[in-house]
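Below are the chains, spelled out letter by letter.
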Number of protein chains: 2
Amino acid sequence: MVATIIDVAKKCGYSKATVSRAFASPEAVSERAKARIYAAANELNYTPNPIARAMARQKTDNITFVIHENQYPAILNPFYSSALEAIMQETMKRNYGLFVTTNDHVRLPSGEVSIKKHMDGVIIAGQTDRSSIESFCKQNIPVVVLNNLIQMEHLPCIAVDNYHGAKCAAEHLIQKGHRRIALLEGRFSPQIYHDRHNGYMDAIVSAGLTVDPLLIRDVDANELCAETCAREMLSCPERPTALLCTNDTIAVGAMKAAMRMGLRIPEDVAVIGFDDSYVSRVIEPELTTVRIDSLQMGKLAVEMLFRLIDGEELSKWYIEMPTELIVRGTT
Amino acid sequence: MVATIIDVAKKCGYSKATVSRAFASPEAVSERAKARIYAAANELNYTPNPIARAMARQKTDNITFVIHENQYPAILNPFYSSALEAIMQETMKRNYGLFVTTNDHVRLPSGEVSIKKHMDGVIIAGQTDRSSIESFCKQNIPVVVLNNLIQMEHLPCIAVDNYHGAKCAAEHLIQKGHRRIALLEGRFSPQIYHDRHNGYMDAIVSAGLTVDPLLIRDVDANELCAETCAREMLSCPERPTALLCTNDTIAVGAMKAAMRMGLRIPEDVAVIGFDDSYVSRVIEPELTTVRIDSLQMGKLAVEMLFRLIDGEELSKWYIEMPTELIVRGTT
DNA sequence: ATGAAAGCGCTAACAC
DNA sequence: GTGTTAGCGCTTTCAT
């Protein structure tokens, strides 16, 4: 049906070995041969079959980005989408293919799970389980973990200095004169949750302010839930004058609550977000937020992964991304 | 290094055919054999190699989503990201793999371009070139085109009723009493551009209003450009009282211009967007916009593609998605 | 520079 | 229900 290397070989009179070389390592083939081979290939609409190539070379030239489904949405995820954008660009640059998947496993009839492995390497976004990573290791597939720190021998991780980010944000509010600073914290992975929580706590305590448990609330990281929560807090007699939110989506919800209650931002209530995702500059006034360079994070992940794929050594197995407070209009 | 089907066969005493069946069609294998085979497989950390499987079956169980790089950003694209989200979910449901790529071609040493084909089918988002589609056809790879109508025999396309959407939006503004309605149009593909343009024009003309060329402006579809453009228009002595924008990003830029000039929305100036993308509900007041069900669009694309992959007939080659005006706070 | 031949790991007739 | 065998389309020694 579709032309194969044999068809081309027959048509041009060279062996399939030479045809193969003409495509895979053209410098090893004479000009004369190449001319004939390419001509024959064009006539037959022949293009090399990458599956067969992968089979013979034991290499697919693909990598996979996995974002587990509990982190829904996957593509529309406000945090991971920009990391993925960068991963995509970098992967394309190297002429690799990119799989994107929420379920890196497939259930075998044996009841066991088996990883899908059309790929030479994997980037795992955030939450995952050790067994998942172990599966990849057993199949000798390099893994890089993005936005999560998993203690495992020779497992490259890129995480974020969340503690510092949250601390700076709280300090900024304190310095602006706020004394009742609420914390709306998303139910993220324990690691991230605690680091941001502790950053806030330490800033409050260091400043000699009292920690009011009523001002600390867990929320689901969506606008509606955040809005409801913020509205409740802002309705209290002793309402907070600032809302520190552990991601931008929560911050947007909080802003909506304030605006809809007729409060002015930042005069009546200040808001800070986290991540510096695209929403932070959509809302007006634009959101003061803790910036994480997630594009750079994605880029670093790809670079580490390709080093591993190429069999090189990694200078470090753990990278901590810095955070930086970006002051915009909501403080 | 990594265990193969042969290792398992040796270890458990069955032939590799039976081992293969135990994984690919377990119902054809006795319980006794399966028990032994799975046990051996587990000990060896064996999992079937999908490349070899694809090679033998001539089927990869993968599809590809291609969004050409001129439509940058790819993942962060406000329109295509939600279609991709749906495509992803649907694809995972069927236990297929999903490639995402901006360059579906790879340059061959022959100077020709060759498509990457680890996949059984392709969804192309928006702009593309005929030759790209023809390449896929020549390799017998089914293609579905999303958000673009390309006249080609047996080429499934899913596009949008842009004319109707723009017309409704303009009519809504007219009905609200607006007489100076500006049009900020993004430089999209000619098809989309013209349909939205004509929808606006027809509504204006039908209402007996005069078309003021000063009120019609092309813009790049980003916030900054839109804000600049809107600011200029709103600074004119005879400023428009409504801004019809051909996507939500432009509308957000326009809203920022108005807000920063101290104009109230919708009292002083009304704004309408297009797409009903995530930004429409981030901005406050929330944006009146023309809804396109892009999740559904993605879902339909996947369904059509799988029909083709499964060798079934398509009842129709062209689907036009309806549009619907969603009235929120900006009108 | 080119060719012959042995895989790569699996599936799918076909036979028993 | 299980085994035998012939591929799937390419790469890669090893010769020449």
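Residues numbered from 1 in each chain as written. Chains lettered and ligands numbered in written order. Predicted model: local features only at pLDDT ≥ 70, side-chain atom pairs only at ≥ 80, totals over all residues. Heavy atoms only, no water.

K.L.:
Would you mind showing me how to read the sheet that holds strand 11 (residues 270–275) of chain B here?
P.N.:
In any sheet, the strands associate via hydrogen bonds between backbone groups, in a parallel or an antiparallel arrangement. Residue and element names in this part refer to chain B. Spatial ordering of the open sheet is given by 9-8-10-11-12-14, a layout of six strands whose pairing is mixed. The open sheet is flanked by strand 9 (216–219) and strand 14 (323–326), the only strands paired with a single partner. Pairs of neighbouring strands in the sheet enclose a mean axial angle of 20 degrees, with direction left out of account. Note: strand 11 against strand 12 (residues 288–292), four bridges, orientation parallel. The partner of I272 across the bridge, within strand 12, is T288. Sheet strands in contact with helix 7 (residues 162–175) are strand 8 (181–186), strand 10 (242–245), strand 11, strand 12 and strand 14, and its direction is about 165 degrees off that of strand 11. (Pairing = 2+ DSSP bridges. Helix = DSSP H or I, 4+ residues; strand = E, 2+ residues; numbered from the N terminus. Axes fitted to C-alpha atoms, helices over the stretch in contact; angles between N-to-C directions. Contact = heavy atoms within 4.5 Å.)

K.L.:
What's the story with the protein's contact with DNA strand C in this structure? I'm lost.
P.N.:
A:R21, B:I5, B:K16, B:S20 and B:R53 are the nearest of the 27 residues found near DNA strand C. Here the atoms of DNA strand C within 4 Å of the protein split so that 59% fall in sugar or phosphate, with bases taking the remainder. The contact in question runs from a phosphate oxygen of DNA strand C to an N or O atom on the side chain of A:T18, over 2.8 Å. Take A:S30: an N or O atom from its side chain is 2.8 Å from a phosphate oxygen of DNA strand C. Elements with a contribution of two residues or more to the surface near DNA strand C: helix 2 (16–24) and helix 4 (50–57) of chain A together with helix 2 (16–24) and helix 4 (50–57) of chain B. Of the residues forming the surface near DNA strand C, the biggest block, five residues, is contributed by helix 4 of chain B. Of the residues contributing to the surface near DNA strand C, the split by class is 13 nonpolar, eight polar and six charged. (Near = heavy atom within 4 Å. Polar contact = N/O pair within 3.5 Å; in protein donor to acceptor, adjacent residues only side chain to side chain. Nonpolar A, V, L, I, M, F, W, Y, C, P; charged D, E, K, R; others polar.)

K.L.:
Would you mind showing me how to read the interface of chain A and chain B here?
P.N.:
The interface is formed by 63 residues belonging to chain A together with 63 residues belonging to chain B. Taken over both partners, the interface formed by chain A and chain B buries close to 5800 Å², and the fraction arising from carbon and sulfur atoms is 62%. At the junction of chain A with chain B, the criterion picks out eight salt bridges. Here B:E284 and A:R260 are joined by a salt bridge, their closest N and O atoms 2.8 Å apart. (Buried area = accessible area lost by both parts, 1.4 Å probe. Salt bridge = Lys/Arg side-chain N within 4 Å of Asp/Glu carboxyl O.)

K.L.:
What exactly am I supposed to notice about the packing of aromatic side chains here?
P.N.:
How two aromatic rings sit relative to each other is given by the distance of their centres and the angle of their planes. All told, the structure shown has 10 aromatic pairs over all chains when counted by the stated rule. On the basis of an interplanar angle of 35 degrees and a centroid distance of 4.7 Å, the ring pair of A:Y278 and B:Y278 is categorised as tilted. Here A:Y278, found in the loop between strand 11 (270–275) and strand 12 (288–292), pairs with B:Y278, found in the loop between strand 11 and strand 12, and the two come from separate chains. On the basis of relative accessible area, A:Y278 is assigned to the partly exposed category, the value being 24%. (Phe/Tyr/Trp six-rings, centres within 6.5 Å; stacked < 30°, edge-to-face > 60°. Buried < 20%, exposed > 50% of the residue type's maximum accessible area, 1.4 Å probe, protein only.)

K.L.:
Could you clarify how one ought to interpret the side chain of B:S114 in this entry?
P.N.:
Looking at where B:S114 falls in the secondary structure, it is placed in strand 4 (residues 113–115). Given a relative accessible area of 2%, B:S114 falls into the buried group. Each residue touching B:S114, except ones within four places of it in the same chain, is listed here: A:T47, A:P48, B:D104, B:H105, B:V106 and B:L108.

K.L.:
Explain the protein's contact with DNA strand D here, please?
P.N.:
Surrounding DNA strand D, one finds 29 residues, the nearest of these being A:I5, A:K16, A:S20, A:R53 and B:R21. The contact atoms of DNA strand D, taken as those within 4 Å of the protein, divide so that sugar and phosphate hold 58%. Here B:R21 contributes a side-chain N or O atom positioned 2.3 Å from a base oxygen of DNA strand D. Of all the secondary structure elements, the ones that give two or more residues to the surface near DNA strand D are helix 2 and helix 4 of chain A together with helix 2 and helix 4 of chain B.

K.L.:
Hey, could you run me through the relation of the copies chain A and chain B in this one?
P.N.:
Copy one and copy two of the chain differ by a rotation about a common axis and a shift along it. At an RMSD of 0.2 Å, chain A and chain B line up after a rotation of 180 degrees and a shift of 0.1 Å along the axis. Such values leave the two copies arranged in the relation of a two-fold axis. Here 100% of the interface residues in chain A have copies in chain B that are interface residues too; the copies meet face to matching face. (Least-squares fit on C-alpha atoms with pLDDT ≥ 70 in both.)

K.L.:
Even after reading the chapter, I still don't get the UniProt feature "domain: HTH lacI-type" (unreviewed entry) in chain A, so can you show me in this structure?
P.N.:
As annotated in UniProt, the feature "domain: HTH lacI-type" (unreviewed entry) corresponds to residues 3–57 of chain A in the numbering used here. As annotated, residues 3–57 of chain A has a helix share of 71% and a strand share of 0%, and its two end C-alpha atoms lie 20 Å apart. (UniProt positions renumbered as here; feature names shortened; annotations may be inferred.)

K.L.:
I would appreciate a short explanation of helix 5 (residues 80–93) of chain B in the present structure.
P.N.:
Every α-helix winds through 3.6 residues per turn, so residues three or four apart in the chain are directed the same way. Compared with an ideal rise of 1.5 Å per residue, which puts 14 residues at 20 Å, helix 5 of chain B spans 20 Å between its outermost C-alpha atoms and is within 8% of the ideal. Among the 14 residues that make up helix 5 of chain B, 12 are buried, leaving the element largely enclosed by the rest of the structure. Where helix 5 of chain B is concerned, the buried positions are B:Y80, B:S81, B:S82, B:A83, B:L84, B:E85, B:A86, B:I87, B:M88, B:E90, B:T91 and B:M92. Its buried side turned inward, helix 5 of chain B meets strand 2 (97–101) of chain A together with strand 1 (62–67), strand 2 (97–101), strand 5 (121–125), strand 6 (143–146) and helix 11 (294–309) of chain B. Positioned one or two residues after helix 5 of chain B, B:N95 has a phi angle of 60 degrees, which is positive. (Expected span 1.5 Å × (residues − 1).)

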